[in-house]
Amino acid sequence: MAGDYPLLRYSVRRILQAVPLVFWVIIINFTIIHLAPGDPAIYLASVTEATPEAYAELRKEFGLDKPLYVQMGIYLWKLLHLDLGYSTWHNSPVLGVIIDRLPATMLLMATAFSIASLMGVVLGVIASRYSYSVGDHLATLASLAGYSMPIFWLGQLLILFFALYLDWLPSQGMYSMRGVEPGWPAVLDVLKHLLLPAITYATYHMTLVFRITRGKMQETLAQDFILTAKSKGLNERRVLYRHALRNALLPVVTVIGINFAYVMAGSVFTETVFGWPGMGRLIFESITARDYPMILGIFLVVSMMIMLANLITDILYALIDPRVAYN
Amino acid sequence: MERRKVRFGSAAIFLVLAAVLVLTHIPGSAWAQKRGGTLVIGLEADPGHFNLIVKPGTTVQVPAVNIYNKLITLDFDLNPKPELAKSWEVKDGGKTLVFHLRKGVKFHDGKEMTSEDVKFSLEKCLPYNPRSRVFWKPVAEKVEAPDKYTIVVRLKKPFAPLLTVMGVIFGGPAIYPKHLWKDHVGSRKAFLNAPYSKKPVGTGPFMLKEYKKGSHVRLVRNPNYWNAPKPYADELVIRFVSDANTRLIALEKGEIDYLRAALIPWDQAARLKKNPKLVVLDKGGEATGQVEFMLLNMRRPITGNVKVRQAIAYALDKNQISQLATGGTAKVADGIMHSAMKWAHKGSFAQYKQDLKMANRLLDEAGYPMRGGKRFSLTVTWAKGRGFEGLAAEVIKQQLKKVGIDIKIESFDRAATLKKVYINHDFDIMMQFFTTGPDPKISVTRVYDRNNIGSANFNNAPSYINVGVQRLLDAEWQIPDVKKRGAAWRQIVDMVAADAPVIPLFETPFVHTHSAKWADVVTRPYCAYCTREDAYQK
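Residues numbered from 1 in each chain as written. Chains lettered and ligands numbered in written order. Predicted model: local features only at pLDDT ≥ 70, side-chain atom pairs only at ≥ 80, totals over all residues. Heavy atoms only, no water.

(A) Focus on the overall build of chain A. Looking only at helices and strands, one finds twelve helices and zero strands in chain A. For chain A, the N- to C-terminal ordering of α and β elements is α-α-α-α-α-α-α-α-α-α-α-α. Judged by the C-alpha coordinates and their principal axes, chain A covers about 85 × 60 × 40 Å. Residues classed as buried in chain A amount to 48% of the 327 residues present. Long-range pairs, those at least 24 residues apart, make up 74% of the contacts in chain A with a sequence separation of at least 6. In the structure as shown, chain A presents an accessible area of about 16400 Å², 71% of it carried by carbon and sulfur atoms. Of the side-chain charges in chain A, 23 are positive and 21 negative, and the distance between the mean point of each set is 13 Å. (Helix = DSSP H or I, 4+ residues; strand = E, 2+ residues; numbered from the N terminus. Buried < 20%, exposed > 50% of the residue type's maximum accessible area, 1.4 Å probe, protein only. Contact = heavy atoms within 4.5 Å. Areas by Shrake-Rupley, 256 points an atom, 1.4 Å probe, with all protein chains shown as cover. Lys, Arg positive; Asp, Glu negative; His and termini not counted. Charge placed at Lys NZ, Arg CZ, Asp CG, Glu CD.)

(B) Looking closely at unusual backbone geometry. Residue and element names in this part refer to chain B. Omega for the bond connecting Ala228 with Pro229 falls within 30 degrees of zero, at 10°, which places this linkage in the cis form. If you trace the backbone, Pro229 turns up in the loop between strand E9 (216-221) and strand E10 (235-240). Looking along the chain, the bond that leaves Gly437 and enters Pro438 is cis, with omega of -5°. Tracing the backbone shows Pro438 in the loop between strand E17 (429-435) and helix H15 (440-443). If you check the backbone angles, Asp92 has positive phi at about 50° while not being a glycine. Residue placement: Asp92 occurs in the loop between strand E4 (85-91) and strand E5 (96-101). A relative accessible area of 52% means that Asp92 is categorised as exposed.

(C) Representation of the environment of Leu126(B). Here Leu126(B) shows up in the loop between helix H3 (115-125) and helix H4 (132-136). A C-alpha to C-alpha distance of 9.1 Å links Leu126(B) and Ala174(B), two positions 48 residues apart in sequence.

(D) Focus on the sheet that holds E17(B). Taken together, the six strands give an open sheet; going across it, the order is E14-E18-E13-E17-E15-E16 (chain B), and neighbouring strands pair in mixed fashion. Of all strands in the sheet, those bounded by a partner on one side alone are strand E14 (331-332) and strand E16 (405-412) of chain B. (Pairing = 2+ DSSP bridges.)

Below, the structure written as structure tokens:
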């Protein structure tokens, strides 16, 4: 049966292959987190100035008084029952907190990712068409700057200029706290809040996609089949987008796929700088509070998302390049 | 006659004008307050829930103090003032306290608050408050509710700081509705898992309307508040912004109306004062009385030597430290508690004026001669998150270099630093910001008490033991007469200053900052946990 659906068979195999990988990710995450000095009990006790007894009680409650391998066993056993544990700081099930924060991150990521991929590809194609022109040099220079600039610094600069100096956009958060009517005004309000973090988030990835697209396009445009296409009398746009871009796209898709992992990492900076109520800030807050179950839960969800992104990238290969087969 | 009339007329006009002028310039004058507006407060992190019973930390306190009330509160001179208790009497030489409650106070669910709720809060909730139980447990004996509006607290022995301590939210209990909580008592977990951890019901000026995780908490005016016409603001929003720079920009831009002093970079205070859209205060931290200290680990051979500790104290120029670390906003500290606690404060550390000759002599005497411009190395530890401590450490490094002490600076995040210093005692010098109010028994004693050397945060980290100091510490809190108690504390400060297990550097400034559109945002001596019922839009 499955033989009739190579794509399906391939996907199932990849997912099964991912199971031991996820297992190792959990083990490594667990060990690394517990190696960091400090623990959730000491952080929680630090906000309440607790006594040694209270500290000991907290350690017991969180199971930190047991040996590490026992703690790990308990965690894995819970995971098998789809229980990600209980956040020590939020005092809520980990999965619930993640689900609460996920939509904000998805909105930011989807917007930034779309801007980065679309703009990066389009600008890359244009730059390759006008290779070594003044415009191309300027775009390459700008992309180098965008690529090198730390996200948190770019974010601060954008806030200072657009929010404080020009006063066009809000500086932080996802919602205005005063005088926003529900319905469309509320949607517009979120979009206004979204703009600066999305641009900040997108810049790095856009420059990366731009540079890869430009380089690969230049290479492709120099090949014989492009000359053939041109000599057949096809118009330039068709040659660029149908012939050259399709051939140049494979490495670009790879980069976009790999980028996904970095996008998650970038969300920590962007969301912290912009006070965006998503997973990135949750990671930052949870690490500060040594909220072990929360950190592990987030890492697990993120790891699975990255694996999914890689799978989607592989599937996209086939759609773009018919030579790729799934066996 | 005509002339007299004209004179009389001008005098009347003058008087009216003068009265208007005076009235409009009295801050918070009764006629000026009007209802309306949304006050937005910035907070560094999402509290996760509003359970003050088991997590009385700042992020929970900031929203929760507006949802709950306490029995009493404090004025700026730290005197107890009525809140839910309209009056009280101290009897039996301080062993019995009788509180008379207000009548007709309602919880947000409409049920009346009575002495049963207070008894429940004191008996069932307080023992689980990790902060309050420390000082309640050894002295509390019994709580009685002889009638609906009277509560009697009986103590095993007199406890002089009790009323002051009950005036702050981490000291006395907030009053919780017994009818909702009674089935959720008995353990930390039971309290935390109660539905009222996330949907709190109190008697306070505001009620919870919305909790958007990671973003904000929205509270609305309690229409049945006992202290009507307060609260004046229609809504109170507490917004979570973790980045310090973004928070400040949001304040300057008007997206946030209030940031407490701890969230204001102090070196920016002078610039903010010039901004006409903002008001930078200089009050509202008297009860917390925070002071920046250097803690010297007496377990280590070098810092264990009293001459070395004294030499370090002599080698420092505290004015320069305050100038460079806080932009000169902070006042130099000269005691082990904040000078706002006038009855007990003494500036005994003022004796250590910078004197490099003396410092060098003491170091020679301690057996650490100068060799090639250097005597020994020490490490200064500070926890990331308080940039001024890092700056202070850099200045200290430069100053101590002059007497041949080579300073290395290390910094970790908060959780890691606390474990290193307070649990593992693995440090030479720690930069530590301590609350020293509202009463020294609560927040000063812990650092010098020999019984508090152990494994808990903010304990006696220097491992300081002085029999004379200990005797006084054990006795002072039972002295009902404030003058005699004050004298005992002054003796303690003198002895600690001579031993120098800590070196106070500066008193943290009360630069709470709010939008000029609002007034009376800070009306209590404790900034973070101050109710906002008085705040009104101008």
